[in-house]
There are 4 protein chains.
Amino acid sequence: MSLDPITLAALNGADVESFERMLGDVFEHGSWVARAVAAERPFETVDALHRAMLATVSGAPLETRLAFIRGHPELAGAAAVDGNMGDSSASEQGSAGLDRLSRAELERFSALNRAYRERFGIPFIICVRHYTRPFILLEFERRLGRTPEEEVAMTLAQIGAITRLRIADVVDGPGRPKVDGRLSTHVLDTVSGRPAAGVRIELRDLSDGGAGVLMGTVETNGDGRTDKPLIADVPLRIGRYEIAFHIGAYFAGCTQAPAAPPFLDVVPVRFAIAEPEAHYHVPLLATPWSYSTYRGS
Amino acid sequence: MSLDPITLAALNGADVESFERMLGDVFEHGSWVARAVAAERPFETVDALHRAMLATVSGAPLETRLAFIRGHPELAGAAAVDGNMGDSSASEQGSAGLDRLSRAELERFSALNRAYRERFGIPFIICVRHYTRPFILLEFERRLGRTPEEEVAMTLAQIGAITRLRIADVVDGPGRPKVDGRLSTHVLDTVSGRPAAGVRIELRDLSDGGAGVLMGTVETNGDGRTDKPLIADVPLRIGRYEIAFHIGAYFAGCTQAPAAPPFLDVVPVRFAIAEPEAHYHVPLLATPWSYSTYRGS
Amino acid sequence: MSLDPITLAALNGADVESFERMLGDVFEHGSWVARAVAAERPFETVDALHRAMLATVSGAPLETRLAFIRGHPELAGAAAVDGNMGDSSASEQGSAGLDRLSRAELERFSALNRAYRERFGIPFIICVRHYTRPFILLEFERRLGRTPEEEVAMTLAQIGAITRLRIADVVDGPGRPKVDGRLSTHVLDTVSGRPAAGVRIELRDLSDGGAGVLMGTVETNGDGRTDKPLIADVPLRIGRYEIAFHIGAYFAGCTQAPAAPPFLDVVPVRFAIAEPEAHYHVPLLATPWSYSTYRGS
Amino acid sequence: MSLDPITLAALNGADVESFERMLGDVFEHGSWVARAVAAERPFETVDALHRAMLATVSGAPLETRLAFIRGHPELAGAAAVDGNMGDSSASEQGSAGLDRLSRAELERFSALNRAYRERFGIPFIICVRHYTRPFILLEFERRLGRTPEEEVAMTLAQIGAITRLRIADVVDGPGRPKVDGRLSTHVLDTVSGRPAAGVRIELRDLSDGGAGVLMGTVETNGDGRTDKPLIADVPLRIGRYEIAFHIGAYFAGCTQAPAAPPFLDVVPVRFAIAEPEAHYHVPLLATPWSYSTYRGS
């Protein structure tokens, strides 16, 4: 998100104060984490730097860890409303739309935040860049039912995921963590044994359980693929999706599909994404009268 | 629709006046059609009786035919509102929901009726039992674009279809026209090579282009089929449909589907029906990660 | 196999001597089994009669049971060569081709028989009507590796299967055991969404691991099915099979398959049958460029 | 095939005699063709050089063209036996196994060569690197049934294909013709939604209509693909093939496949290749009870 990433070389060469300042926002109120690893420099890779910072947190006394966790802002909480939140947190919560909640949603988040804090004594922390907004709520409810031990471990895992994405954003250099989520598709016309070109495709986020939110429209190229993956180089958000394939229009000229209206028109394929950094390839093999889809690779 | 069908034997044995009365409603204002075929009795099959009546209409002088066509009520027209329409027409138009139109829909039908009558000089006649309501409108618009010759031929074909269904309703006996539309499905679990039992299935009418109207919910039995076809023994209405298969719940216990949320949950299969008396078999072959569907037999 | 089955009524009404004679061949050297259940008459179903006879064997003292088992002929053994074997055994062994073995096969059976008898003290008994000849050998070798307890239990289970088939052959009446194996297929042309008619199909027994033995050739009818199942109303033999579908010739006239030579010509589908009384439905969904097959229902 | 290709630069800079010598073998007895284009140098691409040489042949007087065609050796003919044939021809005919024919095959080729020469007055010329040996014979017979005009055109097209491959072998430089045939596969386990790793795959040439000739054995890697395409960077030979997928062994550990013997074991997929420079991707999507295959891209 930073337009000019810091280089690993600059971090390795900086004085401790600058080093702290440059990395202070990666971990929430985290200049102490940066300070603790300054002496371990030089780091050979960005990843090694991140692991050292995570180890500092994991290795800290319980009270320190809890204090650190408690220093995190609530999701969609007062800090968000007041602007009293680290820049990274603000930007991430914004990316999931948590800064544009309806009154009802705000109240639901408030109630969940309250319940979570009462039950576990810590704020609810989640890598918001890994979830669609509705799935943050689903995950929030699911995690409320777990044990305190599970939640402390889960919280540190989430902080690991959050900070890995942050450090990949702000630090350039060898071993920079690669954010490798990808959703792709292709369409095969099994009547002619050829890629289906010119098929209109719509991608929707169906996470809210309703008609969904259109994320984009694209047409297949001569290889039956899209010029770019539907989603790439960002974490995929855990949630539900639909790819709608307009194969009725594609087969309209085909002499083998005389039915009017055509048996198949817009074929919806609905699926969930569960792994933010996996590759999801969701192809369609179609004739005017049949189709197959699968999670491919 | 008549609870006590007339028997073909009774028709064959009746005096001409009773014969006319008994069949007078099959063709709209059609006692003259009945009268004309009375002398051809006895009929060996209900179908032969129907064909004789149709031949009477087709063989009549043009002016008679046009007068006959003009005697039909308008779709969703004033006759429907006033109750000034044959019982069969009233019942059929009701079956398509044409007696429960919104003001906007009524106005659209009025405008189309007017345009059609202006263009062709006859009322728009369609076998309403062969179409969903939205597809009646689509067909209405499509037919407005055709030639007068095409529309007179189409009108007689529609009257043939309408009266075939009516005579099948009211006359019992050998050669009674069989109304043989059928929509069926089955679900195969290709992980275990067995029919998928207990899969919840919803059938929706999507003809209106929106979220659709739930037509029914059913569960697959031990053969992966439904105890009865989804639709049977009535004409299928030309329109768009969705069968939603709840395979996420079915596979929830399957050790091979560890993803959370599951990749596939409710699988929607959307298709159009174009032939009212055909068999549409729309099966699903599924694993937690793939599925196929096709028009089967 | 008997052309004139005995009726259950006749068995129920016969004197004990006749009863014994009539059923003496169902269990090998089994007039004592028949005699033992004569007093339990009348039997309401053929199945109840069979169960009573099986219970007599299971309930007999160990020595009697072992003597009974030892009274069975060896598979493809000297009794077969000498003709010193019950008629049913002779017919069954003939059905599996065990009376037409090559010298090498005879020697292999001899060696296995010897090894089995040395290890377990009983002859090897198997329901030969449940296996292809090569799979009898595979099963023979597999069973040689099991424990004596497993083999005594397995032997009685096999005798239950053998005698169930025999009694179904020779006794008519209510509750006659139904032999319900079935292998069927159908071919769907997913280019046109219709059953594929006129597709030549060959069924081969591939159990011997070579090119296989042609069991039959048939053509699909207008429903894309065969007029009769490929196999029906007999036990399916556990073994390996191939259905070869000549879809190249079927699609030869199809404008969408311009490739020469055609991409797909004769499509072989190879599978094993493991359950003699199950239904195996093995369909083919095909275009000139793709196909799917599965164990259906 | 030449280990040290000539460079285009060298050709452009050579004196005419060297130029002739370097290219003399590309067209059969073809130094005159090289000489004719020498003055057109420099050529910017290898492809342009090839096109100029082809144009020389096409533009030559009919008698020259026929003499040129007649200068080609017969397939598997006396020149092959005597060694009286250009190096390229010898190597190509060897690649199709035409130097290792049985007596019966030699006689068949002789008879076809004689019939062809009698009918058309020219030797039969075919791009042998584009066909399996049995398909050369099939094509030979097919072409015998065509008209002289068709065959002269076809012969020049085949010479174009032959010389394109030769020039790609011997001349390096910009615009070198790319020989881009490719056969690839991948295996997807649709039970687990993952690529199937460790699946043994055999590729066979089935062109001779018998059991086929094993071309190679390979195992799928972690991506369910083979490390290299099954065939790549050479012309695919028009012919029939089988890929055999050992999925029974792959699924043997899968808890969902309890059948013994397993329903599916070695899955054969048989197909023809019709386009030597196309990409054929022939994947398998499988469970223990079902599979799909198609020509993909």
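Residues numbered from 1 in each chain as written. Chains lettered and ligands numbered in written order. Predicted model: local features only at pLDDT ≥ 70, side-chain atom pairs only at ≥ 80, totals over all residues. Heavy atoms only, no water.

1. Here's the deal with the overall build of chain A
The condition that has to hold: Strands here are runs of E lasting at least two residues and helices are runs of H or I lasting at least four, both read from the DSSP assignment and numbered beginning at the N terminus. The classification of residues rests on relative accessible area computed with a 1.4 Å probe and restricted to protein chains. Under 20% of the type maximum is buried, over 50% is exposed, and intermediate values are partly exposed. Note on contacts: a residue pair qualifies if any of its non-hydrogen atoms lie within 4.5 Å across the two residues. Areas reported here follow the Shrake-Rupley algorithm with a probe of radius 1.4 Å; residue values treat only the protein chains shown as occluding.
Along its length, chain A carries 11 helices and 13 strands. Reported as C-alpha extents along the three principal axes, the dimensions of chain A are approximately 70 × 45 × 30 Å. The buried share of chain A, reckoned over its 297 residues, is 53%. Counting contacts in chain A only where the partners sit at least 6 residues apart, residues at least 24 apart contribute 68% of the total. Accessible surface, chain A: about 12600 Å² in total, of which carbon and sulfur atoms supply 52%.

2. Describing the relation of the copies chain C and chain D
Applicable threshold: Copy-to-copy superposition: least squares on the C-alpha atoms, limited to residues that have pLDDT of at least 70 in both copies.
Between chain C and chain D, the superposition needs a rotation of 180 degrees and an axial shift of 0.1 Å, giving an RMSD of 0.1 Å. Here the two chains are linked by the operation of a two-fold rotation axis. Rotation axis and chain C: the residue whose C-alpha lies nearest the axis is C:Ser292, separated from it by 2.0 Å. In this assembly, 100% of the residues forming the interface of chain C have copies in chain D that are likewise at the interface, indicating an isologous arrangement.

3. Some thoughts on the interface of chain C and chain D
Note on interface size: it is often stated as the accessible area lost on association of the parts. Here is the rule: As used here, buried area is the combined drop in accessible area, with a 1.4 Å probe, of two parts when they are placed together. Salt bridges are defined by distance alone: a side-chain nitrogen of Lys or Arg within 4 Å of a carboxyl oxygen of Asp or Glu. Under this grouping Gly is polar, as are all residues other than the nonpolar Ala, Val, Leu, Ile, Met, Phe, Trp, Tyr, Cys and Pro and the charged Asp, Glu, Lys and Arg. Think of it this way: DSSP has to see at least two bridges between two strands before they count as a pair.
Counting residues at the interface gives 27 residues for chain C, matched by 27 residues for chain D. Approximately 2100 Å² of surface area, both sides summed, lies buried where chain C meets chain D, with 61% of it carried by carbon and sulfur atoms. Of all residues in chain C, the largest losses of buried area upon contact with chain D belong to C:Phe263, C:Arg270 and C:Tyr291, amounting jointly to 30% of the total for that side. Across the chain C-chain D interface, the total number found is zero salt bridges. Contributions of two or more residues to the side of chain C that touches chain D are made by strand E10 (266-273) and strand E13 (290-294) of chain C. Looking at the side of chain C that touches chain D, its residues break down into 20 nonpolar, three polar and four charged. Of the strand pairs in this sheet, E13(C) and strand E13 (residues 290-294) of chain D are connected by five bridges, and their pairing is antiparallel. If you follow C:Ser292 over to E13(D), its bridge partner there is D:Ser292.

4. Some thoughts on the packing of helix H9 (residues 133-144) of chain B against helix H10 (residues 148-170) of chain B
All names here are of chain B. Our working definition: As a rule, the C-alpha atoms of each element are fitted with a line to give its axis, helices using only the stretch in contact, and angles between N-to-C directions run from 0 to 180 degrees. By definition, turning the near helix anticlockwise from the far helix through less than a right angle yields a left-handed crossing, and turning it clockwise yields a right-handed one.
Two elements in contact, H9 and H10, have axes separated by 11 Å at closest approach and are oriented at 150 degrees. Seen along the crossing, H9 lies across H10 with a hand that is right-handed. Residues Glu139, Arg142 and Arg143 of H9 pack against Glu151, Met154, Thr155 and Gln158 of H10. Its residues assigned to classes, the contact of H9 with H10 comprises one nonpolar, two polar and four charged.

5. A few points about the pattern of salt bridges
Residues and elements named next belong to chain C. Inspection of the entire model under this criterion finds 80 salt bridges over all chains. A salt bridge links Arg51 to Asp47; the shortest N-O distance between them is 3.3 Å. Taken together, the positions of Arg51 and Asp47, both in helix H4 (residues 46-59) and four residues apart, correspond to about one turn of that helix. Assessed through its relative accessible area of 49%, Arg51 is described here as partly exposed.

6. Re the packing of aromatic side chains
What counts is decided by this rule: To pair, rings of Phe, Tyr and Trp, with the six-membered ring standing in for Trp, must have centres within 6.5 Å; the planes then decide the type, stacked if under 30 degrees apart, edge-to-face if over 60, and tilted in the middle.
Counted according to the given criterion, the structure contains 50 aromatic pairs over all chains. Ring centres of B:Phe109 and B:Phe140 lie 6.3 Å apart, and the angle between their planes is 50 degrees; on these two criteria the pair is classed as tilted. In this pair, B:Phe109 is assigned in helix H8 (residues 103-120) and B:Phe140 in helix H9, connecting sequence segments 31 residues apart. Each of the two residues, B:Phe109 as well as B:Phe140, counts as buried. With 3.7 Å between their ring centres and 10 degrees between their planes, D:Phe124 and D:Phe140 make a pair best called stacked. Taken as a pair, D:Phe124 in the loop between helix H8 (103-120) and helix H9 (133-144) and D:Phe140 in helix H9 lie far apart in primary sequence, 16 residues in all.

7. Brief notes about the sheet that holds strand E5 (residues 194-195) of chain D
Taken together, the eight strands give an open sheet; going across it, the order is E5(C)-E4(C)-E12(C)-E13(C)-E13(D)-E12(D)-E4(D)-E5(D), and neighbouring strands pair in mixed fashion. A strand with exactly one partner marks an edge of an open sheet, and here the two such strands are strand E5 (194-195) of chain C together with E5 of chain D. Where strand E12 (residues 284-287) of chain D lies against E13(D), four bridges are found, and the strand directions are antiparallel. By the bridge assignment for E13(D), D:Leu285 is matched with D:Ser292.

8. Comments concerning the pairing of strand E10 (residues 266-273) of chain A
It is a general feature of regular strands that their side chains alternate between the two faces of the sheet. Residue and element names in this part refer to chain A. With six of eight residues buried, E10 is to be regarded as a mostly interior element. Relative to E10, strand E9 (residues 239-246) is paired through eight bridges, and the arrangement is antiparallel. In the sheet register, His246 faces E10, and the bridge partner there is Val266.

9. Structural notes on the interface of chain D and chain A
Contacts between the two partners involve 11 residues from chain D and, on the opposite side, 11 residues from chain A. The junction of chain D with chain A conceals about 860 Å² of combined surface from both sides, 56% of it contributed by carbon and sulfur atoms. Broken down residue by residue, the surface that chain D buries against chain A is led by D:Leu188, D:Tyr294 and D:Ser297, which jointly contribute 51%. At the boundary of chain D with chain A, the tally comes to zero salt bridges.

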